[in-house]
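Read off the chains here:
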Amino acid sequence: AVVSTQSTGYITRNGDFKSQPIRVVVTSIEGLLETATTRLNLARAARRLFNSGGGGEVTVWGEVTRDMVLVVSTGENYVRKEGQRCRKNSWTASQRRIGSEK
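Below you will find a few notes about this structure. Values in this document were obtained by computation on a predicted structure and should not be read as measured data. (Residues numbered from 1 in each chain as written. Predicted model: local features only at pLDDT ≥ 70, side-chain atom pairs only at ≥ 80, totals over all residues. Heavy atoms only, no water.)

Assignment of secondary structure puts Leu49 in strand β3 (residues 48–51). The exposure class of Leu49 is buried, given its relative accessible area of 1%. Through-space distance from the C-alpha of Leu49 to that of Arg13 is 9.7 Å; in sequence the pair is 36 residues apart. Discounting residues that sit within four places of it in the chain, Leu49 has contacts with Ile29, Leu32, Leu33, Gly56, Glu57, Val58, Val71 and Val72. (Helix = DSSP H or I, 4+ residues; strand = E, 2+ residues; numbered from the N terminus. Buried < 20%, exposed > 50% of the residue type's maximum accessible area, 1.4 Å probe, protein only. Contact = heavy atoms within 4.5 Å.)

The structure is reproduced here in structure tokens:
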């Protein structure tokens, strides 16, 4: 018999940096994806989960910890917040902004 452990965590939509994460109680990755589709009002089914701390994809239940904040995607890659980009990309973007202000 498969033993599943119930876990409380939080979910947020990929790329949504303004909304508060929603609290959920689930027992499996599949259940988490189903719950996320409904609770986040996604237009398509949730397919991927990422750790909000750095965008690592979560694929097995053992990677989910209590009170973890998970980013939910309908298939697209993890969207980083502006401040999480690597320095080179941030520098390039800031140079473009400076150049466009002239």
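Okay, back to it.
The subject of this paragraph is the nonpolar core. By size, the foremost hydrophobic cluster in this structure holds 17 residues, and its most contacted members are Ile11, Ile29, Leu32, Leu49, Val58, Val64 and Val72. When residues of this core are traced back to their parent elements, those giving at least two are β2 (22–26), α1 (29–39) and β5 (69–73). Top contributing element to this core by residue count: α1, with four residues. (Core = buried A, V, L, I, M, F, W, Y, C linked by side-chain atoms within 4.5 Å.)

A volume near 160 Å³ is recorded for the largest pocket. If you go around the largest pocket, you meet 14 residues; those closest to its centre are Thr12, Asp16, Phe17, Ser52 and Val71. Contributions of two or more residues to the lining of the largest pocket are made by β1 (7–13) and β5. The class makeup of the residues in the lining of the largest pocket is six nonpolar, six polar and two charged. (1 Å grid on protein atoms, 1.4 Å probe; cavity = no way out; pocket = protein on both sides within 12 Å on 5 of 7 lines; lining within 4 Å. Points joined across faces, edges and corners; volume = space filled by probe spheres on them. Nonpolar A, V, L, I, M, F, W, Y, C, P; charged D, E, K, R; others polar.)

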